[in-house]
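The chain contents come next:
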Amino acid sequence: DRGPNTSVGGFAGTTWALVEAGGTPVELTYELDTVARNDFSGTLPGAFSAHPKYDPHTGELHAVCYAWAQWLDHVQYVVVGPDGRVRHTLDVPLAGMPMVHDMSLTPNWVVVYDQPCTVDLDLAFSGRFPFRWNPDYGNRVGLLPRSGAGGTGATAADIVWIDVPLGYVFHPVNAFERGDGTVVIDVCNYPTMFARDVLGPFGDGAMSRLERWELSPAGRRASITVVDESPNEFPRHRGSAGLREYRFAYCAAPSLDPTAGWPTVKHDLATGARNVFDHGPGRVAGEPVFVTRGDREDDGWLVTFVHDLADGSTELAVLDAQDFERGYVAQVALPQRVPLGFHGAWIADTAVAPPA
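Residues numbered from 1 in each chain as written. Predicted model: local features only at pLDDT ≥ 70, side-chain atom pairs only at ≥ 80, totals over all residues. Heavy atoms only, no water.

Colleague: Sorry if this is basic, but what is going on with the pattern of salt bridges here?
Modeller: When their charged atoms lie close together, side chains carrying opposite charge are able to pair. Applying the stated rule across the entire model yields 20 salt bridges. Taking the shortest distance from any N to any O, the salt bridge between arginine 274 and aspartate 228 comes out at 2.8 Å. In this pair, arginine 274 is assigned in strand β22 (residues 274-277) and aspartate 228 in strand β18 (residues 221-231), connecting sequence segments 46 residues apart. Owing to a relative accessible area of 9%, aspartate 228 belongs among the buried residues under this scheme. (Salt bridge = Lys/Arg side-chain N within 4 Å of Asp/Glu carboxyl O. Helix = DSSP H or I, 4+ residues; strand = E, 2+ residues; numbered from the N terminus. Buried < 20%, exposed > 50% of the residue type's maximum accessible area, 1.4 Å probe, protein only.)

What follows is the structure in structure tokens.
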């Protein structure tokens, strides 16, 4: 059972540490001490995900999960109810076992990513990272209807599969629907993944760009628009804007040369404006977590880790999401380095209450 070292979230009054590909969630205390592995009180039949999606309208947590060592022919859709217990699962048959890092969710659809980075058994049996670029596999997304409570009315046969160009998405930003039924997904998309180098996501020498995918369930076709050709990763948005049309996305801007620094970028998806917060040479910023302050969509704080290559230190940095020119709102030195790529979350006391 893999250690939950990828992400963290607050749900059903509990803080959870999460990992993909078969690891059981770990329950944490309010002060982030380990309680125990917790398979949602014995209701999780198999794997879970590092990136579930929360529906604020139903109070449910949705995930598309994989466990390559056990499942070589399907992934599993899992719905966790507001009580922290699994209320529905659905097996989704696939032609192979792709690497499944994330998923997307709209009011009427669950989005399944079936991408050309698949298990290589020779790598797996040699004890190495088991995934490799496989362009012959093709690339598609599946739209699973959410019908009935928890999506229990739909089956795998109801999925609308839509082909998209070859590439690999670790992290989508947000997804929503238009009035004409179009499903819109914003993603950070790599042209290849683990094609030449399986040691890390940047080994192929190509970075992910920000794209908008507009999917037609009726026509089973996709229209792709490049939002930003420059590197974008670890995208976030305001939590309350999830599953609906939104305006602002926040990303890290990685570079193959980290000595140049990794800025934080704010995208205005309505106007195309791009604002950059430069943390300085050799200062590498990670995922920008949005913390709500006021009613306007961008009225809040961005909280991120900044790793300084010069001295190996890491700090917690707070930016004003509406005003990058303001500079740092706060900088807090941390007692140890936080590895690049680790995800974070803002968990309010209203989600996980402090001890009495």
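What follows picks up the thread again.
Colleague: I keep staring at empty space enclosed by the protein and nothing clicks. Help me out?
Modeller: With a probe scaled to a water molecule rolled over the atoms, the places where space remains empty come into view. All told, the structure shown has two cavities of 30 Å³ or more when counted by the stated rule. A volume near 80 Å³ is recorded for the largest cavity. Around the largest cavity sit Val284, Gly286, Glu287, Phe305, Val306, His307, Thr314, Val338, Pro339, Leu340, Gly341 and Phe342, which together line it. A per-element tally of the lining of the largest cavity places strand β25 (residues 300-308) first, with three residues. Considering only residue class, the lining of the largest cavity consists of seven nonpolar, four polar and one charged. By volume, the second largest cavity amounts to about 30 Å³. Lining the second largest cavity are Val100, His101, Asp102, Tyr113, Gln115, Tyr168, Val169, Phe170 and Pro172. With four residues, strand β15 (residues 168-177) is the largest single contributor of residues to the lining of the second largest cavity. (1 Å grid on protein atoms, 1.4 Å probe; cavity = no way out; pocket = protein on both sides within 12 Å on 5 of 7 lines; lining within 4 Å. Points joined across faces, edges and corners; volume = space filled by probe spheres on them. Nonpolar A, V, L, I, M, F, W, Y, C, P; charged D, E, K, R; others polar.)

Colleague: Looking at this model, I keep getting lost on the sheet that holds strand β19 (residues 233-236). Mind explaining?
Modeller: What holds strands together in a sheet is hydrogen bonding between their backbones, with the strands either parallel or antiparallel. In space, the four strands of this open sheet follow the order β19-β20-β21-β22, with antiparallel pairing throughout. Sheet topology places β19 and β22 at the edges, where each strand pairs with a single neighbour. For this sheet, the mean inter-axis angle between neighbouring strands, taken without regard to orientation, is 20°. (Pairing = 2+ DSSP bridges. Axes fitted to C-alpha atoms, helices over the stretch in contact; angles between N-to-C directions.)

Colleague: Would you explain the sheet that holds strand β2 (residues 14-18) in this entry?
Modeller: Taken together, the four strands give an open sheet; going across it, the order is β1-β2-β3-β4, and neighbouring strands pair in antiparallel fashion. Sheet topology places β1 (7-11) and β4 (34-37) at the edges, where each strand pairs with a single neighbour. Strand-to-strand twist in this sheet, taken as the mean axis angle between neighbours without regard to direction, amounts to 30°. Relative to β2, β1 runs antiparallel, the two sharing five bridges. Note that in β2 the partner of serine 7 across the bridge is leucine 18.

Colleague: Honestly, a nonpolar patch on the surface in this entry has me stumped. Any pointers?
Modeller: Residues Leu72, Leu121 and Phe125 make up a contiguous nonpolar surface patch of about 340 Å² in total accessible area. Within the fold, leucine 121 resides in helix α1 (residues 121-125). (Patch = residues over 30% accessible without salt bridge, like charges linked within 9 Å, V, L, I, M, F, W, Y side chains within 5 Å. Areas by Shrake-Rupley, 256 points an atom, 1.4 Å probe, with all protein chains shown as cover.)

Colleague: Explain the environment of leucine 94 to me, please; I cannot follow it from the model alone.
Modeller: Relative to the assigned elements, leucine 94 resides in the loop between β8 (86-93) and β9 (104-105). Judged by its relative accessible area of 8%, leucine 94 falls in the buried class. Residues leucine 94 and aspartate 114, spaced 20 residues apart in sequence, show a C-alpha to C-alpha distance of 7.8 Å. Among all residues touching leucine 94, those that are not within four sequence positions of it are Asp73, His74, Val75, Asp114, Tyr137, Arg140 and Trp161. (Contact = heavy atoms within 4.5 Å.)

Colleague: I tried to follow the nonpolar core on my own but got confused; where do I start?
Modeller: General note: in soluble globular proteins, nonpolar side chains tend to be found buried as a group. Phe48, Tyr66, Val75, Val80, Met99 and Met193 are the most contacted members of the largest nonpolar core, which totals 46 residues. Of all elements in the fold, only β2, β6 (60-65), β7 (74-80), β8, β10 (109-114), β11 (117-119), β12 (131-133) and β15 reach the threshold of two or more residues within this core. For this core, the element with the most residues is β7, which contributes five residues. If near-sequence neighbours (up to four positions away) are discounted, methionine 99 is found in contact with Glu20, Tyr66, Gln115, Cys117, Phe129, Phe131, Tyr168, Phe170, Met193 and Phe194. Listed in part, the 15 residues of the second largest apolar core include Trp109, Val111, Leu143 and Trp213. (Core = buried A, V, L, I, M, F, W, Y, C linked by side-chain atoms within 4.5 Å.)

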